[in-house]
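Breakdown of the fold
Spelled out, the chains give:
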Amino acid sequence: MNIRILCVLWLISLGHVASATHVIGSDWRYRCLNTSGDYEITLILYRDCSGIPLCPGTCGDSCFVFADMKGASVGCQNVSYGTIKLQLVSVRDVNLNPLCANAKSICSNMGCATPGTFTPGVERYEFRAVVNLGQSSGIPEACCTVNFSYSICCRSSSFSTGAANSNFYSDMSVNRCLSTPVMNSSPVLTNDVPHILCTNQPANINCGGIDPDLDSLAYAFVPSLSSAGASVPYTPPYSFDRPMPWTGPASGQFPDGIRCNPLTGDISFTPAGPSNFQGIIAVGIQQWRWNTTTKVYQLVGTTRRDMMVWLKSCESNRSPYLTTQPALIPGTSTPRISWIFYAGRENCFEVTAQDSNFNDTTFLSWNAALATRGATFLPAYIPVQRRISGPREDRYRLCWTPADSTVRQQPYLFTIKAQDNRCPLNASSERSFQIFVKQPPVTAGATIQNVVCNQYTFQSNIQTTEGWYMYVDWPVTKTANDRKFEGDRKSVV
């Protein structure tokens, strides 16, 4: 008894143990630091600011959480390898409306910020630790997969889909054998949890996953958990793959139905519930890697995002939506989200954040997933003149000249977000875009000739108006379907 009391006092003297009844979501990620098996483990927890504090200290105080570490391979399933202590490294407000100065949320970031009155408010806490999973860790060599988990009581009492007051549990798995000699890390989720959605308006949200090792990612709705392998309860008609109210048939075409795109991670549906409805969405993310020996894809790790979502009435404010130039179908506002770029050529297209509320200004951003490979996402106007002459609806140009080494069968993915400036509750939408990089097709040598002033000839096709045009190379080996999606984009000014 005395020993136990001394241990508790020792822990308190070093910092505060996180404990709360209003944890509403989480993200996991890991990063392999070296081939000796050192990993940086990160757990991100989201807190409802109207509830009990996650960390009882004030601004600058230490705070930490503990995670269990167990084997997950055959022969070591559920064998405990101890706990890890993750230290708080940052806390911030997941501010839905940074453009609204008079609509600050009720969050204080552990006393580091002056709270406002806007609800709901959500804080993001990031905890981190370094753990060794290599030969010196004591974990048997054959135990390749290690599971990390975090659990706390309890979830919010205001869930509308059945999970109220249930235990909160989240985990991820790491295949430590795949980091020798090549290091393997998890995807990073670059988009914050969208904790408010507008009821009766089409919603498209995305985690913005970027895998540093360029592994293929697969997304799916998964159950929110109360313990290892145990789902929280769901009240019909809700279930883990129908976690929020939707319009039309569940499998209907968007904006009806509700779905998680397995390739892009886009979650799309039209929330049909009343204002203040609260649900929970969990997304599992698998990493798959091509095994050059077995010639099959191999599962190399799993992570998850668990998120609580409020539905709010946005009154007359319609969500902005993304359009592209060129569009998927000429003359329509349907965005083209799948592209073919050719290695060694500059490929560009434009994206506009359009808004049917004609007084709303829109803003564009992306998760920069292709920035390290040379892609740019820049305003298609002079930024310093925007306040004077516009555009009101933000417009950006994405350009990329892929290197020959980027040619592959799998697409490159990135997300683009559109947001308006309506206060106190602005609206936003996200879409995932994919680019397939191929070697340039063999062509007959198409040319563009300046025939007369303001008149250009594409082979025998004469254009007389300025704008963006698509010239399509049609090798005889291409099918009609290929021809719809491939081409070189030329700017005519």
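As a reminder, the structure under discussion sits directly above these lines.
As the structure is a computational prediction, the values presented were derived from the model and not from experiment.

Considerations on the state of the cysteines
Enumeration according to the criterion identifies eight disulfides in this entry. One disulfide in the model links Cys 49 with Cys 107; its S-S distance is 2.0 Å. In this structure the cystine formed by Cys 49 and Cys 107 twists about its S-S bond by roughly 100 degrees; its chirality is therefore right-handed. A residue pair is termed long-range when its members are at least 10 positions apart, and Cys 49 in the loop between β3 (38-48) and β4 (63-71) and Cys 107 in the loop between β5 (80-93) and β6 (122-132) qualify at 58 residues. The exposure class of Cys 49 is buried, given its relative accessible area of 10%. With no disulfide of its own, Cys 207 lies closest to Cys 260 among cysteine sulfurs, the gap being 7.6 Å.

Describing the sheet that holds strand β21 (residues 338-342)
If you trace the four strands from one edge of the open sheet to the other, you get β21-β27-β26-β23, paired in mixed fashion. The open sheet terminates on both sides in strands that have one partner only, identified here as β21 and β23 (362-366). Going from strand to strand, the sheet's axes swing by 30 degrees on average, the running direction of each strand aside. Taken together, the eight bridges between strand β26 (residues 412-420) and strand β27 (residues 428-438) define a ladder with antiparallel strand orientation. Considered in β27, the bridge of Gln 419 is made with Ser 428.

With respect to the sheet that holds strand β25 (residues 395-400)
Taken in spatial order, the four strands of this open sheet run β20-β22-β25-β24, and their pairing is antiparallel. Two strands bound the open sheet, and with one partner strand each, they are β20 (321-325) and β24 (376-379). Ignoring strand direction, the axes of neighbouring strands in this sheet form an average angle of 25 degrees.

A closer look at the packing of aromatic side chains
Per the stated rule, a full pass over the model turns up 14 aromatic pairs. With centroids separated by 6.1 Å and ring planes inclined at 20 degrees, the aromatic side chains of Phe 349 and Phe 433 adopt a geometry described as stacked. In this pair, Phe 349 sits in strand β22 (residues 347-354) while Phe 433 sits in strand β27, placing the two residues 84 residues apart along the sequence. Residues Phe 349 and Phe 433 agree in their burial class; the two are buried. In textbook terms, an aromatic cluster arises when at least three aromatic residues are bridged by ring pairs, as seen for Trp 339, Phe 341, Phe 349, Trp 366, Phe 377, Tyr 396, Trp 400, Tyr 412, Phe 414 and Phe 433. One residue, Lys 85, lies across the ring of Phe 64, its end atom 4.1 Å from the ring centre. Residue placement shows Arg 386 over the ring face of Phe 363; its charged tip is 5.2 Å from the ring centre.

Points about the side chain of Glu 40
Looking at the secondary structure, you find Glu 40 in strand β3. On the accessibility criterion, Glu 40 (17% relative accessible area) is buried.

Overview of unusual backbone geometry
For the bond running from Cys 153 to Cys 154, omega is 5 degrees, close enough to zero to count as cis. With respect to the secondary-structure elements, Cys 154 resides in the loop between β7 (145-152) and β8 (168-175). Omega for the bond connecting Gly 390 with Pro 391 falls within 30 degrees of zero, at 15 degrees, which places this linkage in the cis form. Its location among the elements puts Pro 391 in the loop between α2 (386-389) and β25. Positive phi, close to 60 degrees, is recorded for Met 110, a residue that is not glycine. Locating Met 110 in the fold gives a position in the loop between β5 and β6.

Cut-off values and rules
Residues numbered from 1 in each chain as written. Predicted model: local features only at pLDDT ≥ 70, side-chain atom pairs only at ≥ 80, totals over all residues. Heavy atoms only, no water. Disulfide = S-S within 2.5 Å. Helix = DSSP H or I, 4+ residues; strand = E, 2+ residues; numbered from the N terminus. Buried < 20%, exposed > 50% of the residue type's maximum accessible area, 1.4 Å probe, protein only. Pairing = 2+ DSSP bridges. Axes fitted to C-alpha atoms, helices over the stretch in contact; angles between N-to-C directions. Phe/Tyr/Trp six-rings, centres within 6.5 Å; stacked < 30°, edge-to-face > 60°. Lys NZ or Arg CZ within 6 Å of the ring centre and 35° of its normal.

Everything listed here is a matter of coordinates, which is why it stays silent on function.
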